[in-house]
Amino acid sequence: MSNGQIISCEPATGAEIWRGKPCDVNDVVDRARRAWPTWAAQPLSTRMELVRRFANEVRKEAEPLADLIAREVGKPLWEARAEVEAVVAKVEVSIRAYAERTSQRKLDSALQGTMALRHKPHGVMVVLGPYNFPAHLPNAHIVPALIAGNVVIFKPSEKAPATGELLARCFHRAGIPAGAMQVAIGGPLEGQDFVAHEGVDGVLFTGSANTGISINRRLATRPDKVVALEMGGNNPIVLWDTPKVTDAAALVVQSAFASAGQRCTAARRLIVKASIHDAMMAEIKALADRIIVGAPFDDPAPFMGPVIDNAAADGLSESFLYLLSNGGKAIKHLVRQDDALPFLSPAIIDTTALKDRPDVELFGPILQVVRVDDFDEAIAEANNTRFGLAASLIGGTPQDYNRFWAHVRAGIINWNRTTTGPSHSAPMGGIGLSGNHRPSGYYAADYCAYPVASGEMEQPRAMIGVGLK
């Protein structure tokens with residue numbers, strides 16, 4: 001932010017891509033409250049049809065939207081295109097999830113009456129979006145909220161306002177009223193004002209644990225507001241005995257370095273059996289050395305782009321130096337070729353010797369390695385965190401995985417798969433500092449509508465059989 005304006009710059013070049021003023025929070029909320037009764041009164045079939053039209057609008061804008069995402073947050077074009085595909089795919093998944101998770105039911109009750117179960121929308125929902133997936137992750141809140149009959153105020157990350165505006169235009173072109181789906185540009189102050197506003201009925205957040213905790217504190221005395229927090233993780237990936245050395249290395253590298261490590265589900269800690277450490281690390285380092293780091297439109301296509309900005313790059317460089325100076329042993333150094341731009345090489349550091357390993361989410365391409373001797377120690381090390389988003393076991397036997405699944409504390413637990421890339425048809429969320437037990441993904445319908453139980457009879461029918469004179 002500069003001179004009261006939000007400015008978005010391309011990470012790969014530093015060039016300005018968007019500039020604008022923060023919104024008027026009160027005005028945005030007032031408009032949403034006026035729009036809600038009309039939107040909520042629309043038949044469910046109409047709301048579903050309109051979000052399907054939104055998917056078609058995104059299809060029409062697929063290449064411009066991918067181009068904009070790549071430029072604004074620095075991810076390779078191929079990855080930005082995959083994000084746009086996820087935005088489209090989310091619509092049908094959300095429709096199916098709403099039908100399954102909030103289905104209407106009627107049950108017989110006493111005196112030949114009926115017991116009915118239906119769901120109602122909450123009202124005005126604020127979606128606070130992240131920068132790492134500036135279209136897909138907020139969309140995963142917005143579409144389920146609209147289907148349920150809520151109106152949405154979408155505040156994109158101040159680092160990705162241009163993408164947020166284009167996404168909103170797709171909703172409006174589909175016929176969803178401007179008041180029912182608003183994009184509200186702003187920074188942290190506007191975000192805090194939306195969270196605390198009396199006219200807001202729910203806050204749907206994806207981002208860092210620190211911000212999520214701040215939201216939780218702010219609303220601690222407001223149990224009437226629904227709050228869904230999807231936060232980060234200090235995610236473990238446990239590497240055990242496997243004959244598939246090359247495949248295992250690829251899974252580790254994808255988990256740690258996809259999106260330049262800027263995924264909430266990225267592997268931050270590699271816990272490896274000591275007896276296979278040397279062979280596995282040689283394979284992992286050799287593969288990491290081959291990673292191309294470059295700008296979004298480079299040819300050949302890079303695997304990794306820059307991190308979001310220079311402040312993030314500076315922080316990651318300082319974190320790597322901290323680990324190094326407190327007992328860490330560099331396996332692959334974090335290298336920054338140009339101090340003026342936030343391009344970082346993938347880095348690997350052995351932190352086994354650190355007495356107090358920092359339990360923080362290093363949101364970038366740094367993988368910390370810990371050597372262990374037995375599987376119990378591996379599980380204990382995997383759980384050595386306040387977070388609990390994702391965990392993966394690579395190698396091992398079915399019995400090992402059963403133990404791993406039973407004892408590791410995380411909302412996503414995989415075997416011989418990456419920690420990243422959860423299915424659209426599964427819940428997405430974690431425990432501890434990773435979430436507040438309101439998972440997104442397929443379960444987003446759960447926090448977008450609330451159940452109402454109704455005992456119903458066509459005519460009043462009652463009698464009092466005891467205690468009358």
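Look a little higher up for the structure.
Thresholds applied
Numbers given to residues run from 1 along each chain, matching the order in which its sequence is written. For a predicted model such as this one, the threshold for reporting local features is a pLDDT of at least 70, and the threshold for listing and counting side-chain atom pairs is 80 or more; totals across whole chains, interfaces and linings nevertheless cover every residue. For side-chain calculations, the full set of non-hydrogen atoms in the structure is used, while hydrogens and water are omitted. Here's how the labels work: a residue is buried when its accessible area is under 20% of the maximum for its type, exposed when over 50%, partly exposed in between, all with a 1.4 Å probe on protein chains only. Elements are defined by DSSP. Helices are runs of H or I of four residues or more, strands are runs of E of two residues or more, and each kind is numbered from the N terminus. The criterion for strand pairing is that DSSP finds at least two bridges linking the strands in question. Here the term right-handed applies to a crossover when the path leading from its first strand over the helix to its second strand runs clockwise, the strands being oriented away from the viewer. Contact criterion: two residues are considered in contact whenever any of their non-hydrogen atoms come within 4.5 Å of each other. Here an angle of 0 to 180 degrees is reported between the N-to-C directions of two axes, which are lines fitted to C-alpha atoms, with helices fitted over the stretch in contact. Salt bridges, as used here, are contacts in which a Lys or Arg side-chain nitrogen is within 4 Å of a carboxyl oxygen on Asp or Glu. Each helix should span, by expectation, one fewer than its residue count multiplied by 1.5 Å. We define a nonpolar core as any set of buried Ala, Val, Leu, Ile, Met, Phe, Trp, Tyr and Cys residues linked to one another through side-chain atoms lying within 4.5 Å. Roughly parallel here means an angle under 35 degrees, roughly antiparallel means over 145, roughly perpendicular means 65 to 115, and every remaining angle is called oblique. Note: crossing handedness is left-handed where the near helix turns anticlockwise from the far helix by less than a right angle, and right-handed where it turns clockwise. Three classes are used: nonpolar for Ala, Val, Leu, Ile, Met, Phe, Trp, Tyr, Cys and Pro, charged for Asp, Glu, Lys and Arg, and polar for all others, with Gly counted as polar.

Asker: Is there a simple way to explain the pairing of strand β6 (residues 151-155) in this structure?
Answerer: It is a general feature of regular strands that their side chains alternate between the two faces of the sheet. Counting buried residues along β6, five of its five residues qualify, which places the element largely inside the surrounding structure. Because side chains alternate across β6, one face comprises the buried residues Val 151, Ile 153 and Lys 155, and the other comprises Val 152 and Phe 154, equally buried. For strand β5 (residues 124-128) and β6, the ladder comprises five bridges, and the chain directions are parallel. Within the sheet, the bridge partner assigned to Val 124 lies in β6 and is Val 151. In terms of handedness, the path from β5 via helix α5 (residues 136-148) over to β6 forms a crossover that is right-handed. Bridge count for β6 against strand β7 (residues 181-183) is three bridges, and the pairing is parallel.

Asker: Explain the environment of Gly 20 here, please?
Answerer: Within the element layout of this structure, Gly 20 appears in strand β2 (residues 16-20). For the pair Gly 20 and Asn 310, spaced 290 residues apart in sequence, the C-alpha separation works out to 21 Å. Excluding residues within four positions of it along the chain, Gly 20 makes contact with Gln 5 and Ile 6.

Asker: I keep staring at the sheet that holds strand β3 (residues 105-108) and nothing clicks. Help me out?
Answerer: Taken in spatial order, the three strands make up an open sheet running β3-β4-β19, and their pairing is antiparallel. On the outer flanks of this sheet lie β3 and β19 (449-456), each paired with one strand and no other. Sheet twist, expressed as the average angle between the axes of neighbouring strands with direction ignored, equals 25°. Bridge analysis of strand β4 (residues 114-121) against β19 gives eight bridges, and the strand direction is antiparallel. Across the sheet, Thr 114 pairs through a bridge with Glu 456, a residue of β19.

Asker: Looking at this structure, how should I read the pattern of salt bridges?
Answerer: Applying the stated criterion across every chain yields a total of 28 salt bridges. With a closest N to O distance of 3.0 Å, Asp 201 and Arg 33 form a salt bridge. A residue pair is termed long-range when its members are at least 10 positions apart, and Asp 201 in the loop between α7 (188-196) and β8 (202-206) and Arg 33 in helix α1 (residues 25-41) qualify at 168 residues. Between Asp 350 and Arg 371 there is a salt bridge, with its nearest N and O atoms 2.9 Å apart. With Asp 350 in strand β13 (residues 347-350) and Arg 371 in strand β14 (residues 366-372), this residue pair connects regions lying 21 residues apart in the sequence. On the accessibility criterion, Asp 350 (6% relative accessible area) is buried. Each of Lys 75, Glu 79, Glu 83 and Arg 263 takes part in salt bridges that share partners, so that together they form one network.

Asker: Would you explain helix α6 (residues 161-173) in this entry?
Answerer: An α-helical turn contains 3.6 residues, so a residue and the one three or four places further along point in the same direction. Between the first and last C-alpha of α6 there are 18 Å, a value that for 13 residues agrees with the 18 Å anticipated at 1.5 Å per step. What α6 keeps buried is the set Pro 161, Ala 162, Thr 163, Gly 164, Leu 166, Leu 167, Ala 168, Cys 170 and Phe 171.

Asker: What exactly am I supposed to notice about the sheet that holds β5 here?
Answerer: Pairing between the strands of a sheet comes from backbone hydrogen bonds, and it takes one of two forms, parallel or antiparallel. What the five strands build is an open sheet, ordered β7-β6-β5-β8-β9; its pairing is parallel. Of all strands in the sheet, those with a lone pairing partner are β7 and β9 (226-230), marking the two edges. Across this sheet, the average inter-strand angle for adjacent strands is 15°, counted without regard to direction. Alignment of β8 against β9, held across five bridges, turns out to be parallel. Bridge pairing in β9 places Thr 206 opposite Glu 230.

Asker: Any chance you could explain the nonpolar core here in plain terms?
Answerer: Where a protein is soluble and globular, its nonpolar side chains tend to be buried together. Counting residues in each nonpolar core, the largest one holds 82 residues, and the members touching the most others are Phe 54, Ile 153, Phe 171, Ile 176, Phe 194 and Ile 215. If you tally residues by element for this core, the top one is helix α4 (residues 77-101), at eight residues. Excluding residues that lie within four positions of it along the chain, Ile 215 makes contacts with Leu 128, Val 195, Val 203, Phe 205, Val 227 and Leu 229. With 36 residues, the next largest nonpolar core counts Ala 249, Ile 276, Leu 362 and Val 369 among its residues.

Asker: Is there a simple way to think about the packing of α1 against α7 in this case?
Answerer: Axis angle and axis distance: for two packed helices, these are the angle between their axes and the distance between the axes, and together they describe the pair. One way to put it is that α1 packs onto α7 with a least axis distance of 10 Å and a crossing angle of 40°. Viewed along their axes, α1 and α7 adopt a mutual orientation that is oblique. Once α1 is placed against α7, the crossing between them reads as right-handed. Listed contacts from α7 to Val 25, Val 28 and Val 29 of α1 are Glu 190, Asp 193 and Phe 194. Of the residues in the contact of α1 with α7, the class split is four nonpolar, no polar and two charged.

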